[in-house]
Structures are given as C-alpha cells and as structure tokens.
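For reference, the chains in residue letters:
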Amino acid sequence: MPRKQSKLSPSELHQTPDTWGVGTFLLRQWLVDDDPDIPARPTLILVLDLDHGYIMASSLINHAPSAEEIRDTLFKAMTKPMKMCGEPRRPTLLFCHSAGLGEAIEPYMDELGIHCEPRAIPGIDDILEEMAQFMDEEEDHPSLIDIEGATLDIVGKFFEVSAMFYRAAPWVQMLNEQFLLLRIPAEGGLERFVTVMGNGGVEYGLAFYESWHDVENLFKNQDDPLNALPAQGALSMLYERAHQMSFDDLDAIEANDWDVVDEQSYPSPIYFHRTEEARRPTLAELQWIEAALRAIPLIVNDHLRPDNKGDFAPLETTISVPTSRGEVTVSVKYPAGTLHHENFPASNSVDAWDEKGNPIEEPPIFDRRLMEKSLLDVFGDMLGNTSGDPKLRKAQDIMYQAFEETNPAKRISLAHKALKTSDKCADAFVLLAEEQADTVARALEYYQKGVDAGERALGNDYFKEAVGHFWGIMETRPYMRARAGLAECLIKLNQVDGAVEHYRDMLRLNPNDNQGLRYIVAEVLLDQNRDAELIKLLKQYKDDAMAEWLYTWALAAFRKNSKSKEADKRLRGALEQNPFVPDYLTGKKRVPLNLPPTMGWGDEQEAIHYAAKFLNHWRRTAGAIDWMKDHL
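Owing to the predicted nature of the structure, the values given are computational and were not obtained by experimental measurement. Within each chain, residue numbers correspond to sequence positions counted from 1 in written order. Only residues with pLDDT of at least 70 are given local features in this predicted model, and only at 80 or more are side-chain atom pairs given and counted; all residues enter the totals for whole chains, interfaces and linings. Hydrogens are left out, water is left out, and the side-chain values use all remaining heavy atoms of the structure.

Structural notes on the state of the cysteines
- Two cysteine sulfurs form a disulfide in these notes if their separation is within 2.5 Å. Taken as a whole, this structure holds zero disulfides when the rule is applied.
- This cysteine, Cys85, is not joined by any disulfide, and Cys96 carries the nearest cysteine sulfur, 19 Å off.

Observations concerning the packing of helix H12 (residues 426-435) against helix H15 (residues 477-492)
- To get an axis, fit a line to the C-alpha atoms, keeping to the stretch in contact for a helix; angles then go from 0 to 180 degrees between the N-to-C directions. Where helices and strands are cited, they refer to DSSP runs of H or I of at least four residues and of E of at least two residues respectively, numbered from the N terminus. Across the interface, H12 lies against H15 with an axial gap of 8 Å and an inter-helix angle of 35°. Every pair of crossing elements has a handedness; the one defined by H12 and H15 is left-handed. Here H12 contributes Ala426, Asp427 and Val430 to the contact with H15, which in turn contributes Pro478, Tyr479, Arg481 and Ala482.
- In terms of residue class, the contact of H12 with H15 is built from five nonpolar, no polar and two charged. A crossing counts as left-handed when the near helix is turned anticlockwise from the far one by less than a right angle, and as right-handed when that turn is clockwise. Contacts between residues were defined by any pair of non-hydrogen atoms, one from each residue, lying within 4.5 Å. Only Asp, Glu, Lys and Arg are considered charged, only Ala, Val, Leu, Ile, Met, Phe, Trp, Tyr, Cys and Pro nonpolar, and every remaining residue, Gly among them, polar.

Some points on helix H8 (residues 283-303)
- The span one expects for a helix is its residue count, reduced by one, times 1.5 Å. Taking 1.5 Å per residue as the helical rise, H8 with its 21 residues ought to reach 30 Å, and the 29 Å between its terminal C-alpha atoms agrees with that figure.
- Of all the 21 residues making up H8, 15 are buried; the element is thus mostly covered by neighbouring parts of the structure. Summary of the burial criterion: residues with accessible area below 20% of their type's maximum are buried, those above 50% are exposed, and those between are partly exposed, where the area comes from a 1.4 Å probe applied to protein chains only.

Examining the nonpolar core
- Residues enter a nonpolar core if they are buried and are Ala, Val, Leu, Ile, Met, Phe, Trp, Tyr or Cys, with the set joined through side-chain atoms within 4.5 Å. If you look at the biggest cluster of nonpolar residues, it comprises 159 residues, and the most contacted ones within it are Leu182, Tyr551 and Trp618.
- Ranked by the residues each element gives to this core, the list is headed by H8, at 10 residues.
- Those residues within four positions of Tyr551 in sequence are excluded, and the remaining contacts are Leu571, Ala574, Leu575, Asn578, Val581, Pro582, Tyr610, Trp618 and Met628.
- Formed by 23 residues, the second largest nonpolar core is a distinct cluster that contains Ile45, Ile70, Leu74 and Leu94.

A short note on the pattern of salt bridges
- Salt-bridge detection follows one rule: a side-chain nitrogen of Lys or Arg within 4 Å of a carboxyl oxygen of Asp or Glu. Here the structure, examined in full by the defined rule, presents 28 salt bridges.
- For Arg28, the salt bridge goes to Asp248, with nearest N and O atoms at 3.1 Å. Taken as a pair, Arg28 in the loop between strand S1 (19-26) and strand S2 (43-49) and Asp248 in helix H7 (residues 247-256) lie far apart in primary sequence, 220 residues in all.
- Taking relative accessible area as the criterion, Arg28 reaches 36% and is therefore assigned partly exposed.

Remarks on the sheet that holds strand S6 (residues 179-184)
- For two strands to pair, DSSP has to find at least two bridges joining them. Pairing in this open sheet of seven strands is antiparallel, and the strands run S10-S9-S8-S7-S6-S12-S11 from one edge to the other. The sheet is open, and its two borders are formed by strand S10 (266-272) and strand S11 (315-323), each paired with just one other strand. Each strand axis lies, on average, 25° off the axis of its neighbour in the sheet, ignoring direction.
- Two strands pair when backbone bridges link them, and S6 and strand S7 (residues 190-197) are joined in this way by six bridges, in the antiparallel orientation. In the strand pairing of S7, Leu181 is matched with Phe193.
- In the packing of helix H5 (residues 212-220) onto the sheet, the strands contacted are S6, S7 and strand S8 (205-209), and the crossing angle to S6 comes to about 150°.
- Contacts between H8 and the sheet are confined to S6, S7, S8, strand S9 (234-240), S10, S11 and strand S12 (326-334), with S11 contributing the most and set at about 125° to the helix.

Coordinates in, geometry out; function isn't part of it.
So, in structure tokens, the structure goes:
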C-alpha cells in the first residue's frame, strides 16, 4: 500500500535531531516559458537530509526564488518527503547554502524551532553533476572568461564599458550606412571600418570590417547573409539575451556583479565565419573592441556635426580613451568611404533568415494585379478599359499572363514580349524593374521608361481631365505603379526632394491614395525635420485611423508643442487604437528580424510594422519616449 502523506502542518510534526541542507542553484539549462524565443534559465530549490543522503524535496522555477517559495519547498520536504526518504518530520539544524538565503528564511524556521546556519552544503557539486546527467545537456556558447590571457578584471572592465556604450545609444544618431574608420592605437595600430547597429531596432552593437571592399560586399549581398560575410570572416560586438551567452560567463556575472543594463543587453563579441563555427575574439581583439566602445560615444556626441543635408560633416581627429590597458589614442575618420547606392541590389524583397542564417520558406504572395484582369473582364467599360490602342490592350493582356506566371524567367520573357507588342506598356517596364534589374540604377532606368510609357499611353488630356480620381480608372494604374517605383528608387539614391515631388503629385492625381504613398511621405518629412509640411499632410488625411497615422500625428504634435493638450489627446487616441506599439518604441521588445507578412488594425503585427519604420523618429525626439511612458 502507498504510504499516506501527512496532513499535519510542519509545526505539528515530530522533530528529529537531523541536519538538513537547503540551497538554490542556477542550472546550466534553459526552459521555454510563455515566449519560445526567450527561454528562461531555471533555478533549482533543493532540500537534502545530510545525515542520510536523501533528497527530501525539490522545486524548479524560471525566476529568482522568493523567500516564500523556498519556505514552501522546505514545508513540502517536511510534510510530504519524497519516496524512500522516511516519515514526515522536521529537522533540528538547517544548513543554508548562502548567508542571504539563511536571512530570508530564518523567520519561518524560528517558528518551527529549527536553527539556521549559513554553511555550504557538503558534496553539492557532485549531487548537481549527477542530476545533470539525467537532463538534456544544453549546447554552451564560447566563453569570454576562457579567452587566453583574459583575467576576470579585464572581462569585468569589458562588461562595464559595454554597458556604458549601450546606455549612450549612439545608434539613435548613426545609421547602418554611416561607417567610421578607426585606427587603434592611433599610431601604427590596427584599422577597421566600423558601423553602429541598432538604428532599425532589430540588432544592437558594432560590426567591424577590414577593408572597404568588405563593406561594399555587405550591401551588395543584403539578401544573403552568408555571402555578405567577408571571406576571412567578420568581427562583431552584439547585445544579446542571456540564453545566447556562455553559462560560465553568466555565472561570472552573478559572482562578480558585472554591469548588464537589461535582459537584452548582454555583451557578446563574436567572430563570424562562412564555414567555421563562430568564435570569441582573441584578447587583442577584445581590447580593440573595448577601445572602440569607449571612443564611439565620444565621437558621436562631441565631434560629429550635422551637415544639414541628412548626414554628418567630414571629420578627421584623434582622441584618447581609458581602457583596461591604460590610456589609448584612437584615430577617427568620417566618412570612412563612399557607398555607391546606385550599385546596390534593386530588389525590395529580402529573404527571411533564422538566427542561424538558414533561409525560411515563406508562402508565395498573391499578385494583386491579377484582380484587375478579373475586374476588367466583368466591368471593363465602367472601369476605364477604353484604350483605343489595340496593341496596348494586347500587351496589357500579356502582362496579366505574366502576373499569373510563377516561373520568374517566364515572367520576364512575357514582359519583353509585351514591350515588343507595344512600347506604351508601363507594367512591362515595372516588372522588369522589379525582377530583372540587378541594381538600383538599372531599376530607376526601367521605372523611368515605365513612367514615360504611361504618359504616352494616357495622353496629355488625361492628366487634366482625370485629376482627383486616378487609380479609380483602371488604365491609369500601370503609370501610377511605375511612378511610385521611380520615387522609391530616388529615395534609395538619397534624392529625397525629387521623390517627394513625385509622391505629392501622385497624391494630387489620386487624393484617395490607394497606394499608401502618404505613409512614405510622412516618414521622409519626419526624417527631414519638415514638421510644418508633415502636419499639413496629416490634416489632409485626418480620418486615417491606422496606427501609422495616429502615432505619427501624436509625435508631430509633441514636436510642435511638447506636452500640449493636443499632443496628449493624440497620444491617448493612438494608444487606444493600438496598445502594442509602446513595447517596441520603449525598447521593451525588439523589432523582429523578419517582419510579419500581414497585419491587422490594432494588432501586434501592425505595431511591429510601425516601429520598424518610425522607432528612431521617436528616439531622436527629445523627451518623446518618456512622455509616452507617462501615458501608459
């Protein structure tokens, strides 16, 4: 028969002259809790009968245990000991594995007449190691404290400097495309091209490249992270979550009280290679990074000056910074080189990749242009399918075949066939810009040809008679698609004024804005600090209830008149429409590497898409984030 468990309280149990031990131990494991992407490191509460070698009770929790949770595990050990551990009882003496633990539970034990004594539990390491054999071993990450020649003082100083850099947040001022050239030490030291990561809110830290060719290769292979890596590999300094750190480092952080800003900011310097396993830096590399972490916030705050053209003025200087090896001079140059945006890849569709660099298979996206063919078949005359050019009609029919075709080569072939049929077919140029152009410059050329073709197809009178309801007339859509693509290429080439002129004229032609161009213009105006123009645009679409509009209007109102009644009202309305946005704007959550393929009104996916575009505008507006926090 199974042994009956005691229904007595601990104070009613028989007290024996036994010595027990209690301790809390962080395990070298990770447990998945509510969020599978953020596992928790579990803590084991263990109660032992030291006289007889019994494990009386244990509890596994995914957070630092409270005194009450430790007490409850002890009560369980007394009233319901594990099988083969004897009858319910309470001991006379309790060894507490740490002084803090003893102080926390002593009041509860005093009531039971149990004396608490801070003393390490004998043989606990062997017990924990034996228990670990029955659990799945976690793959550990390379350790910082095991770097050859690195002392605890050196690694501790690295944590201190990393935390200072994180709090300085230089990514708010610097874009990923703005590279510094650092030489450390300034005279005869090692040169590296450095970019500050974090402007987009996805990944934070620094990336280092040995040559400008490696930098150019990075941007030419944006859709392929493996080929974007230099052949010899690349050194990075990332801020990660705890589960991406070594257990040895995590234990050292706990034991030495090293500075970590929050759960997303564990410093992780690491060297990535195309074929080999990632490794920790050498001691020399670690100290080079330490000096860079010291220098860059000083460079951003004290030396870089805006050129009033959306960039910084050129800079060459030398500064001195304190490091674990003493004062080090750092030579700085900005810009480190010239990026030729016209040679960047033209494609807007970046493949999705997981954290290990493996491509993620995503379902194909339905081409909405196919709907136009169905609408024309049913409502052709009503929707404006009135082109008197039979060759153009035939070319457009070929393009509808192309939109339906899933084979990329056949789609491109059909686009060329459509152009041979009619050189007025704007959609053919659009498809070639999207799928054949290999660079931004080539895409721009195709889009410009598409705009010209659309203008020839529609005729001058059309732009006078159809103003105000473009897009509602089906045959205007190829032209509008081409012009939107043209403006987007101009943005990529930093020809912002020209792009805004195109967008504004398209909004004049089609104030209903079926293409969502107003959101692009709003972001550009914010980036250019053209607040008066932004507010005018916001008022033009005052009935827009999307998060992108409401939160941007709240920010614009705050920028105009700080904590005004209007700004507070706008923010309250935005928070009511989508309460998920603040988590991403305040940094509680990071913007994911891969954006959601869809979004709904007021859902978290909408919040992610908004933060991906507008996060840094909030961070760059002094006081805006704190103002938002006050309203949460």
